[in-house]
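Inside the fold
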4 protein chains.
Amino acid sequence: MTTKVEMEKDFEVEDPVFIEGLAGIGHIGKTTVSYLVHHLDAEKVGELYSHHFPPYTIIRDDKSADLLKNNIYQVQREDAQDLVFIEGNAQASTPEGHYEVAEKVMDLIEEVDASEVVTVGGYGTGDVVEDPSVFGAVTSEDARENYERYDIDFDHEVGQIVGASGLILGLSGDRGCSGICLLGETPGFLLSDPKATEAVLQAMEKILDLDLDYSDLDEKVEESQEVLKKLQNLQQKQKSDQDQQQQDLGYIG
Amino acid sequence: MTTKVEMEKDFEVEDPVFIEGLAGIGHIGKTTVSYLVHHLDAEKVGELYSHHFPPYTIIRDDKSADLLKNNIYQVQREDAQDLVFIEGNAQASTPEGHYEVAEKVMDLIEEVDASEVVTVGGYGTGDVVEDPSVFGAVTSEDARENYERYDIDFDHEVGQIVGASGLILGLSGDRGCSGICLLGETPGFLLSDPKATEAVLQAMEKILDLDLDYSDLDEKVEESQEVLKKLQNLQQKQKSDQDQQQQDLGYIG
Amino acid sequence: MTTKVEMEKDFEVEDPVFIEGLAGIGHIGKTTVSYLVHHLDAEKVGELYSHHFPPYTIIRDDKSADLLKNNIYQVQREDAQDLVFIEGNAQASTPEGHYEVAEKVMDLIEEVDASEVVTVGGYGTGDVVEDPSVFGAVTSEDARENYERYDIDFDHEVGQIVGASGLILGLSGDRGCSGICLLGETPGFLLSDPKATEAVLQAMEKILDLDLDYSDLDEKVEESQEVLKKLQNLQQKQKSDQDQQQQDLGYIG
Amino acid sequence: MTTKVEMEKDFEVEDPVFIEGLAGIGHIGKTTVSYLVHHLDAEKVGELYSHHFPPYTIIRDDKSADLLKNNIYQVQREDAQDLVFIEGNAQASTPEGHYEVAEKVMDLIEEVDASEVVTVGGYGTGDVVEDPSVFGAVTSEDARENYERYDIDFDHEVGQIVGASGLILGLSGDRGCSGICLLGETPGFLLSDPKATEAVLQAMEKILDLDLDYSDLDEKVEESQEVLKKLQNLQQKQKSDQDQQQQDLGYIG
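This is a predicted model, so every value here is computed, not measured.

Further remarks concern the overall build of chain A. In terms of helices and strands, chain A carries 6 helices and 11 strands. Its C-alpha radius of gyration of 18 Å places chain A within 12% of the 18 Å reference for a compact globule of 253 residues. With respect to the three principal axes, the spread of C-alpha positions in chain A is 65 × 45 × 40 Å. Evaluated residue by residue, chain A yields a buried proportion of 66% over its 253 residues. Only carbon and sulfur atoms are counted for the fraction: they give 39% of the accessible area of chain A, which is about 9,400 Å². Seen as two clouds, the 19 positive and the 53 negative side-chain charges of chain A have centres 7 Å apart.

With that settled, consider the pattern of salt bridges. All names here are of chain A. What the rule picks out here adds up to 40 salt bridges over all chains. A salt bridge links Arg175 to Glu103; its shortest N-O distance comes to 2.9 Å. One end of the pair, Arg175, is in the loop between α4 (164-174) and β11 (178-186); the other, Glu103, is in helix α2 (residues 95-111), with 72 residues separating them in the sequence. The class for Arg175 is partly exposed, based on a relative accessible area of 37%. Under the relative-accessibility criterion, Glu103 is labelled buried at 16%. One continuous salt-bridge network, built from bridges that share partners, spans Lys44, Glu47, Arg60, Asp66 and Lys69.

Now for the packing of aromatic side chains. Taken as a whole, this structure holds 12 aromatic pairs over all chains when the rule is applied. Taking 6.4 Å as the distance between ring centres and 10° as the angle between the ring planes, the aromatic pair formed by Tyr35(C) and Tyr214(C) counts as stacked. With Tyr35(C) in helix α1 (residues 28-39) and Tyr214(C) in the loop between α5 (194-207) and α6 (217-245), this pair connects stretches of sequence that are 179 residues apart. Judged by centre distance (6.4 Å) and plane angle (50°), the ring pair of Tyr147(D) and Tyr150(D) falls under tilted. Of the residues examined, Tyr147(D) reaches a relative accessible area of 1% and is grouped as buried. Residue class for Tyr150(D) comes out buried when judged on its relative accessible area of 16%.

Pairing within the open sheet is antiparallel, and its 3 strands lie in the order β5(A)-β4(A)-β10(D). Each edge of the open sheet is held by one strand with a lone partner, namely β5 (65-67) of chain A together with β10 (160-162) of chain D. Averaged over all pairs of adjacent strands, the angle between their axes in this sheet comes to 30°, without regard to strand direction. Pairing of strand β4 (residues 56-59) of chain A with β5(A), which is carried by 3 bridges, proceeds in the antiparallel orientation. Counterpart to Ile58(A) in the pairing with β5(A) is Asp66(A). The strands touched by helix α4 (residues 164-174) of chain D within the sheet are β4 and β5 of chain A together with β10 of chain D, with β5(A) carrying the most contacts at an inclination of about 95°.

What follows concerns helix α1 (residues 28-39) of chain D. Residue and element names in this part refer to chain D. The end-to-end C-alpha separation of α1 is 16 Å, in line with the 16 Å expected for 12 residues at 1.5 Å each. When you tally the buried positions in α1, you get 10 out of 12 residues, the bulk of the element. For α1, the complete set of buried residues consists of Ile28, Gly29, Lys30, Thr31, Thr32, Val33, Ser34, Tyr35, Leu36 and Val37.

Judged by which residues are buried, strand β4 (residues 56-59) of chain C turns out to be covered on both faces: Tyr56(C) and Ile58(C) on one side and Thr57(C) and Ile59(C) on the other are all buried. Of the strand pairs in this sheet, strand β10 (residues 160-162) of chain B and β4(C) are connected by 3 bridges, and their pairing is antiparallel. Bridge pairing links Ile161(B) to Thr57(C) in β4(C). Counting the residues between successive antiparallel strands, the hairpin from β4(C) to strand β5 (residues 65-67) of chain C contains 5 residues, one of them, Lys63(C), with a positive phi of roughly 70°.

Turning our attention to the packing of α2(A) against α4(A). All names here are of chain A. Two numbers describe how α2 lies on α4: the axes approach to 9 Å, and their chain directions differ by 50°. In terms of their interaxial angle, α2 and α4 are classed as oblique. Here the hand of the crossing between α2 and α4 comes out right-handed. Taking contact as the criterion, the partners of His98, Tyr99, Ala102, Glu103, Val105, Met106 and Ile109 in α2 are, on α4, Ala164, Leu167, Ile168, Leu171 and Ser172. Among the residues making up the contact of α2 with α4, the classes are represented as 9 nonpolar, 2 polar and 1 charged.

Take the sheet that holds strand β5 (residues 65-67) of chain D next. Backbone-to-backbone hydrogen bonds join strands into a sheet, with any given pair of strands oriented parallel or antiparallel. Read from one edge to the other, the open sheet built from 3 strands follows the order β10(C)-β4(D)-β5(D), with strand pairing classed as antiparallel. If you trace the sheet from one side to the other, it starts and ends with β10 (160-162) of chain C together with β5 of chain D, each paired once. In this sheet, neighbouring strand axes are inclined to one another by 30° on average, regardless of whether the strands run parallel or antiparallel. Most of the contacts of helix α4 (residues 164-174) of chain C go to β5(D), to which it runs at about 95°, and overall it touches β10 of chain C together with β4 (56-59) and β5 of chain D.

A few words on a negative patch on the surface. Where like charges cluster on the molecular surface, the negative patch consists of Glu198(C), Asp218(C), Glu219(C), Glu222(C) and Glu226(C). Here Glu226(C) is to be found in helix α6.

Residue and element names in this part refer to chain C. Located in the positive-phi region is Asp15, a residue other than glycine, with phi close to 45°. The topology assignment puts Asp15 in the loop between β1 (3-7) and β2 (17-22). Backbone geometry at Asp113 places phi at a positive 55°, although glycine is not the residue there. Relative to the assigned elements, Asp113 resides in the loop between α2 (95-111) and β8 (116-124). Among the residues examined, Asp113 registers a relative accessible area of 58% and is labelled exposed.

Here the focus is α4(C). Of all 11 residues in α4(C), 9 are buried, a share of seventy percent or more. Just beyond α4(C), the residue with positive phi is Gly176(C), at close to 80°.

Analysis parameters
- Residues numbered from 1 in each chain as written.
- Chains lettered and ligands numbered in written order.
- Predicted model: local features only at pLDDT ≥ 70, side-chain atom pairs only at ≥ 80, totals over all residues.
- Heavy atoms only, no water.
- Helix = DSSP H or I, 4+ residues; strand = E, 2+ residues; numbered from the N terminus.
- Rg over C-alpha atoms; globule rule 2.2 N^0.38 Å.
- Buried < 20%, exposed > 50% of the residue type's maximum accessible area, 1.4 Å probe, protein only.
- Areas by Shrake-Rupley, 256 points an atom, 1.4 Å probe, with all protein chains shown as cover.
- Lys, Arg positive; Asp, Glu negative; His and termini not counted.
- Charge placed at Lys NZ, Arg CZ, Asp CG, Glu CD.
- Salt bridge = Lys/Arg side-chain N within 4 Å of Asp/Glu carboxyl O.
- Phe/Tyr/Trp six-rings, centres within 6.5 Å; stacked < 30°, edge-to-face > 60°.
- Pairing = 2+ DSSP bridges.
- Axes fitted to C-alpha atoms, helices over the stretch in contact; angles between N-to-C directions.
- Contact = heavy atoms within 4.5 Å.
- Expected span 1.5 Å × (residues − 1).
- Parallel < 35°, antiparallel > 145°, perpendicular 65-115°, else oblique.
- Left-handed = near helix turned anticlockwise from the far one by under 90°.
- Nonpolar A, V, L, I, M, F, W, Y, C, P; charged D, E, K, R; others polar.
- Patch = residues over 30% accessible without salt bridge, like charges linked within 9 Å, V, L, I, M, F, W, Y side chains within 5 Å.

Scope: geometric values only; no functional claims are made or implied.
Printed below as a string of structure tokens:
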């Protein structure tokens, strides 16, 4: 097994909602969950590493090195459901890796015995819009009825989800867990999208029974954008170096 | 093992013909078998999942999420051979995955003790034709003689088969099972091809001793096309986003 | 383990030379060994299959299906060293697969206790030449001295070998087995190259103490070319369909 | 496990510094460590092989074949810390492979009980500079303070490291080992970069308490360049042959 979870401490939650937001288009999933973790002062309990993540190491601003990883957090709440989060700056780089990481996340979902799963991503439309929608996909029609009272668009034409957010939703449904995937409408070419992120957060606020003030959202978006820029620069460089260093197996003696 | 079969109920067939039709060129394999399953009111008995499928999740029209998978069906018949089907919207995305999924299907073929295997696919010629042929490839010369009485083209120039339909045929031959691969002649650039699908169905009708009326074929083709469109849109988006997000390992520090 | 050898009968050779020639540039390795197997009426003893081969199935001229594989042969000789051959129409399609297949071949080399290994491939120069050279690479300087008496070019500028021929040579050297890789000089853009193949065969004739008449070489080259054409057509089709069906993971929601 | 270390003799070092330099941009890592190994007359103790390396075999100038590998060396010193080196002409060719090789190197680091790790690579800026910097990334802020007394640039904008140098640094930090990654500033399009290599060596000289004269650096750079040229030629050939031989799985029947 090349994907592993390292727990720093045990989970102390009961019947939590499990929320996932990882790197992806417009960095909406990662930024949304990152914001919630910060706002709720969530407690970090572990990390998920995978050999299927890109083999990059981030250099932080203080010049210390940081492996790509997903972070796991918990929040205990008195008057509402407990919460478990997974957020991070990486998704798998191969099909097989995507499924493997999703299965590992499902193990966590089963471990904390979550009855509800919320996954967050972005959906690129190619258009800039003033007031981005939050497109919803659900585990079942029952789940859809439950979420229809929130401001979520279920009349969209989105046909598929790529990566962790979709696989975790699909696997959750198969295992009898109820849930939703929230996809923030985004042009698709933005490094980050504060408007789409805020739209998703507004839906989250209702689903999770929160009270957000959004005052520090810009800061969080910028923080998230910094890391993305680092990876982005890398990928542009890679592209221009690609011709020079391309490795394929077409030339066999 | 990252490919697994989940059975909902036991097989109840005797000496069945095993029929395979998965996603592929012109979606002919999937649509053909999907039509037969519907027409014969086949009973679903299980599903096949693989970590080698693309990491996509389909959003159905009711906005519920559906993992990519292959479905397994059975039909018991009084006056003709029993039938087992595998059909679905995905094939593996890597060479290794193709072989692994084919081996898993071979396990099913052995489990139901099928003596005959029929696999279905398309063959893209680049040309639009009025009256598409059904090209045949077989497990052995004996098998060929058996199938020559049906309207199947054995004078073609098709040199190879890519993916599940070919591997299952080849593996079946190696294991002493008799069978044929039917390849519907298709331009190759069509999302779906009702004419080629009907041509293949006409051959299937004779091979499997069926009586089809084709009245609801258009509906089935359209249904199959819907899913394909969803994946197709995705792939076009991917392509246009490719420059921006391309990940390769050429740039190693 | 996803690469396996299936033996039809036991090896009956003593201290044999082990000769490898698989699909590759100009199909020189495969054609050379295929010719020797035919000429010496070698006995087929087994086959090697791998999940790392491309997931293609060849349709033979009689329309029966043939999985990609490598064939294993033996020849017992009274007045010269016994011979073991591996030849076939496929090499692995991934780096990992190349190493795995090469390790499997090394198992065979150890099983038959071969003291000498000859691997055959092509080297594309981009130029058409009248009288192609046979470039040599060896397991050690000692081996080189041994082979210098034959008409093999050791003053070439070839810097590397890609795929099975190189890996088997390298691994043989590491395990104390002596050997050579013969690379036929070829333009690189030819589907097959009878002249380069004949040049390699002339070196083989001396190394293996054979007496070849080359009368049926053209036939063997053509036969080999047929299979290659089938795979070649496939790859051209793939290329033109690539834009339409390209699957990458850049677009993650 | 498809990556393995083969030891020729046991380690005989105490509390060593572990230094890594593998193939990469401008070949700075490999050349730097190769130079140190030569200069210090380090003793070779083992080799690391991986199925994840490219499936290439180098033909040395004497025409003997050499598998891609990483070499492991040790140096015992009276008046300074012992040293262990890993250097070589290959890195993994897949994300998964990069992590697997890095984990294998971490096993070595743990085996020799190294308390300090120095990894070496290049960072391509696109610009030719007269006086290349050495960019530093560290395991922690404490480590940074330690290295700030040497002539290492910690005010750079480098956001990430790709491949072994970064992963080993990141993993070392996670396991409580202190260390630094030195990235020589290089245009990125040079086959080798003596100036950047010398700049890195000057930093190494101070960190490792060495006394280098640089007289034979040019020779070492050239030697390193020879191997790189061989692989480079190969990759250019591959590229031009790519159209002809491209293999992808888009065309599924």
